[in-house]
Amino acid sequence: MKKILILGSTGSIGKNALDIIRNFKEEFSVVGLTVNDNIDLLEEQINEFNPATVVVKNNLKAKELRERIGTRCRILEGEEGLLEITKFEDYDILLSAIVGFAGLKPTIEAIKKGKRIALANKETLVVAGEIIIKLSNQYHSEIIPVDSEHSAIFQCLVGEDKKDINKIILTASGGPFLNKSKEEFVNVTIEEALQHPNWKMGNKITIDSATMMNKGLEVIEAFWLFGLSKDQIDIAIHPQSIIHSMVEFKDGSIKAQLSLPDMKLPILYAFSYPHRLNYSQILTDIKKIGQLTFFEPDFDKFVCLKLAYDVIEEGGTAPCILNAANEMAVEKFLKGKIKFSQIPELIKEALDVVNNHSNATLENIFEADFRTREFINNKFK
Ligand code: NAD
Ligand code: MG
């Protein structure tokens, strides 16, 4: 029985993970759950999964939950609570599924405990990839990707030698605006941007998919996770989202991983690796799929993609600045404060203005995140 701690249990990934655990009661148990402020859903999850400890980030909501459920389980609160649960709870696997930069610190604590990290929070690798990979080697903490593209590549690489890779090909659905012109980006609405054609996900990553920053963040995530050069990371638009990514080897052979788009599969794999469990709920009838198509991404239309490749080149805190600016820009767009087309403009401005620190320490990374948010907030005062 593997004991699982879920950071972000009320989110899209968190709920999918609980669905998996519900299906595999003999294999997995829940020892801890954390949420930002959705205590109604957390209370239901406590009743069903009986965790030893939960964390509510919002202090007022933590107090309210204590009043509701008493001492039925330990309730911690705030950012300290997130660090405490990852440091002291007894668990085998951390599912890191908080959205954004907020996932970084608790994920580091779990790495330092030498735990397996089922990593959904791609921002952790984007902002601090070099440090994270070093720590995971130092503390023998396995990082198993949950992001479907990286899970696909990870699966394709089982039994292979990294030296034999020519390149990896990250597939991208292209999001809801694949067929819109750049000029039309000025007028797209929040509702349109939140309509992803193939995946149902949290709001932040759904907007990232519409700008294609999601693929940009995934390029950086792959860069650190698989230790490749940026020229070895290619992107193919594949609107059906059936092939989740591919690896091309030296001899020209290409391996791919396929399934219907459903995050339960990469979550289950990150939990069960190196084994596979019997799971018949998401079987892909390949004869019903019809066509699979692939084409080049448009870097001129989706500026965020180009910015992501650029910050890999720049290194230091540049990816952190890109990430913080993106989180802020997405938030401003969702609040109706900026147009969709302004998201890449704001990010570009932040990258030009905020000081990049090479050979970044963790301290430099927290500073860069803070400065970038401050810069963008000041613009909207
Ligand atoms: P979501 O918005 O649906 O859920 C986020 C979860 O984190 C919630 O439980 C929320 O309570 C918690 N949370 C939010 N802000 C927090 C904070 N400041 N402190 C503590 N907890 C906080 O997000 P999601 O779509 O599940 O995505 C989670 C992560 O997984 C993201 O990094 C995303 O890029 C990645 N990811 C998601 C998908 C997907 O299909 N949803 C696919 C691949 C990768
Ligand atoms: Mg993905």
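Residues numbered from 1 in each chain as written. Chains lettered and ligands numbered in written order. Predicted model: local features only at pLDDT ≥ 70, side-chain atom pairs only at ≥ 80, totals over all residues. Heavy atoms only, no water.

Here the focus is the packing of helix 12 (residues 303–314) against helix 14 (residues 342–353). The interhelical angle for the contact between helix 12 and helix 14, taken along N-to-C directions, is 20 degrees, at an axis separation of 10 Å. When the axes of helix 12 and helix 14 are compared, the pair comes out roughly parallel. Here helix 12 and helix 14 pass one another in a crossing that is left-handed. The residues of helix 14 that touch helix 12, namely those facing V303, C304, L307 and V311, are P344, I347, K348 and L351. (Axes fitted to C-alpha atoms, helices over the stretch in contact; angles between N-to-C directions. Helix = DSSP H or I, 4+ residues; strand = E, 2+ residues; numbered from the N terminus. Parallel < 35°, antiparallel > 145°, perpendicular 65-115°, else oblique. Left-handed = near helix turned anticlockwise from the far one by under 90°. Contact = heavy atoms within 4.5 Å.)

If you walk across this open sheet you meet the seven strands as 4-3-2-1-5-6-7, and the pairing is parallel. Pairing within the sheet leaves two strands with one partner each, and these edge strands are strand 4 (74–77) and strand 7 (143–145). If you compare each strand with its neighbour and ignore which way they point, the axes differ by 20 degrees on average. Direction of pairing for strand 2 (residues 28–35) relative to strand 3 (residues 53–56): parallel, over a ladder of four bridges. Within strand 3, the position partnered with G32 by the bridge is T53. (Pairing = 2+ DSSP bridges.)

This part takes up the domain arrangement of the protein. Each domain of the protein was delimited in the assignment, giving domain 1 (2–145) and domain 2 (151–181 + 202–304). Summarising the inter-unit geometry, the C-alpha centres of domain 1 and domain 2 are found 25 Å apart. Taken together, the contact pairs 29 residues of domain 1 with 27 residues of domain 2. Approximately 2500 Å² of surface area, both sides summed, lies buried where domain 1 meets domain 2, with 73% of it carried by carbon and sulfur atoms. Among the residues of domain 1 in contact with domain 2, I20, K122 and P145 are the three that bury the most area, contributing 26% of the side total. (Domains from an automatic or database assignment. Buried area = accessible area lost by both parts, 1.4 Å probe.)

Moving on to helix 10 (residues 213–226). Compared with an ideal rise of 1.5 Å per residue, which puts 14 residues at 20 Å, helix 10 spans 20 Å between its outermost C-alpha atoms and is within 8% of the ideal. Of all the 14 residues making up helix 10, 13 are buried; the element is thus mostly covered by neighbouring parts of the structure. Once helix 10 ends, the next one or two residues include G227, with phi positive near 60 degrees. (Expected span 1.5 Å × (residues − 1). Buried < 20%, exposed > 50% of the residue type's maximum accessible area, 1.4 Å probe, protein only.)

Further remarks concern the coordination of the magnesium ion (ligand 2). The magnesium ion (ligand 2) binds to the protein through D147 (OD), E149 (OE) and E218 (OE), with metal-donor distances spanning 2.1 to 2.2 Å. Here the donor residues of the magnesium ion (ligand 2) share one chain and are spaced in sequence as D-x1-E-x68-E. Here D147 falls in the buried class, since its relative accessible area comes to 8%. (Donors = N, O, S within 2.8 Å, 3.2 Å for Na, K, Ca; no water.)

Attention shifts here to the environment of K332. Mapped onto the secondary structure, K332 falls in helix 13 (residues 318–334). Not counting chain neighbours up to four residues away, the residues in contact with K332 comprise K337, I338, I376, N377 and F380.

Looking now at the environment of S9. Its place among the elements puts S9 in the loop between strand 1 (2–7) and helix 1 (12–23). Each C-alpha atom of the pair S9 and L95 lies 9.0 Å from the other, and the pair is 86 residues apart in sequence. Apart from the residues within four sequence positions on either side, S9 is in contact with G14, K15, L18, L33, T34, V35, L42 and Q45.

Okay, the site of ligand 1 next. In the vicinity of ligand 1 lie 23 residues, with T10, S12, N36, E123 and G202 positioned nearest. Protein chains shield 88% of the accessible area of ligand 1, which is 830 Å² for the free molecule. Looking at the shell around ligand 1 residue by residue, the classes come out as eleven nonpolar, eight polar and four charged. Domain assignment of the residues forming the shell around ligand 1 places at least three in each of domain 1 (2–145) and domain 2 (151–181 + 202–304). (Near = heavy atom within 4 Å. Areas by Shrake-Rupley, 256 points an atom, 1.4 Å probe, with all protein chains shown as cover. Nonpolar A, V, L, I, M, F, W, Y, C, P; charged D, E, K, R; others polar.)

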